[in-house]
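As a plain string of letters, each chain reads:
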Amino acid sequence: MFVESDSIMAVLGVAANIVDLLYYPVEKICWLSEHKIVDIKNADYWDNVNTIFWVVGVYLNLMRYFGLNQQKINTIKQTKDNPDMEKMLKKHRIEMLTLLRLTLDFIHAGSYLPKGYLWGGKLSTFQIGAIGTTSAAIGIYQIFAKRRLNK
């Protein structure tokens, strides 16, 4: 975990947390409506709001992680004589996969937006599934790679 020394990174972190806090109850409302547990007028509206929160949340986390990654690169460059340099570089490579995973998540989320917004409705079901599966596979790989590195 990185320490957020930069105020921009802190603002991005807080904004991402706020969006996530708004996303989860809206997601539950959509789920309850979809399963006919509650009757909600304008279910499509709530679904669109849910997707917008999802896209914005992933985007904010992507931008935040990109900034934190730049800070980490600067730290690695400054500590070239560190005896743990090889381990630091391995950790950095694993963390770079997070940028790829978040980018895939952003593409995945954006594909669920209504037509006319970003690339909403332009990807096929196969493409959306492949993007989601690849993101999940990267996440699983990261879990095992971090465990192996920390042994």
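Since this is a predicted model, take the numbers as computed values, not measurements. Positions within a chain are numbered from 1, following the residues in the order the chain's sequence is written. The model is predicted, so local features are restricted to residues of pLDDT at least 70 and side-chain atom pairs to those at 80 or more, both for listing and for counting; the totals for chains, interfaces and linings are taken over all residues. For the side-chain quantities, the full set of heavy atoms in the structure was used; hydrogens and water were omitted.

Novice: Teacher, can you tell me more about the overall build of the protein chain here?
Specialist: Strands here mean DSSP runs of E at least two residues long; helices mean DSSP runs of H or I at least four residues long; both are numbered from the N terminus. Helices and strands together make up the secondary structure of the protein chain, namely four helices and zero strands. In sequence order, the secondary structure elements of the protein chain are arranged as α-α-α-α. Note on method: radius of gyration uses C-alpha positions; expected globular size equals 2.2 Å times residues raised to 0.38. Taking 151 residues into account, the globule formula puts the C-alpha radius of gyration at 15 Å, and the protein chain, at 19 Å, lies well above it. Burial here depends on accessible area, computed with a 1.4 Å probe over protein chains only, as a share of the maximum for the residue type. Under 20% is buried, over 50% is exposed, and the range in between is partly exposed. Counting all 151 residues of the protein chain, 32% fall into the buried class. Here the analysis covers contacts within the protein chain between residues at least 6 apart in sequence; of these, 65% occur between residues at least 24 apart. In what follows, residue pairs with any heavy atoms lying within 4.5 Å of each other are defined as contacts.

Novice: How should the environment of I73 be read in this particular structure?
Specialist: With respect to the element layout, I73 can be found in helix α2 (residues 43–78). In sequence terms I73 and T103 are 30 residues apart; their C-alpha atoms lie 19 Å from each other.

Novice: Help me out: how do you make sense of the packing of aromatic side chains in this one?
Specialist: For any two aromatic rings, the description comes down to two numbers: the centre-to-centre distance and the angle of the planes. The rule is short: rings of Phe, Tyr and Trp, with Trp giving its six-membered ring, pair when the centres are within 6.5 Å, and they are stacked under 30 degrees, edge-to-face over 60, tilted in between. Under the definition given, this model contains five aromatic pairs. Centroid distance W54 to Y112: 5.7 Å. Interplanar angle 35°. Geometry classified as tilted. Of the two residues, W54 sits in helix α2 while Y112 sits in the loop between α3 (85–110) and α4 (125–149), which places them 58 residues apart along the sequence. By relative accessible area, Y112 is classed as partly exposed at 42%.

Novice: I keep staring at the nonpolar core and nothing clicks. Help me out?
Specialist: A general feature of soluble globular proteins is that nonpolar side chains tend to end up buried together. Working definition of a nonpolar core: buried Ala, Val, Leu, Ile, Met, Phe, Trp, Tyr and Cys residues. They are joined through side-chain atoms within 4.5 Å. In this structure, M9, L12, A16, V19, L60 and L68 together form the largest nonpolar core, which totals six residues. Looking at this core, the elements that each hand over two or more residues are α1 (7–34) and α2. With four residues, α1 is the single largest residue contributor to this core. Excluding anything up to four places from it in sequence, A16 contacts L60 and N61. Ranked by size, the runner-up nonpolar core spans five residues in total, among them V55, V58, F106 and L113.

Novice: Would you mind showing me how to read a nonpolar patch on the surface here?
Specialist: Taken together, the side chains of V14, I18 and L22 make up a nonpolar region of the molecular surface, amounting to roughly 260 Å² of accessible area. Looking at the element boundaries, V14 is found in helix α1. For V14, a relative accessible area of 48% translates into the label partly exposed. Like charges within 9 Å and nonpolar side chains (Val, Leu, Ile, Met, Phe, Trp, Tyr) within 5 Å are joined into patches, using only residues over 30% in relative accessible area that form no salt bridge. A 1.4 Å probe and the Shrake-Rupley method give the accessible areas. Residues count as covered only by the protein chains that appear here. The salt bridge definition used is simple: a Lys or Arg side-chain nitrogen within 4 Å of an Asp or Glu carboxyl oxygen.

Novice: I would appreciate a short explanation of the environment of E27 in the present structure.
Specialist: Along the polypeptide, E27 turns up in helix α1. Residue classification places E27 among the partly exposed residues on the basis of a relative accessible area of 25%. Separated by 24 residues in sequence, E27 and T51 have C-alpha atoms that sit 8.7 Å apart.

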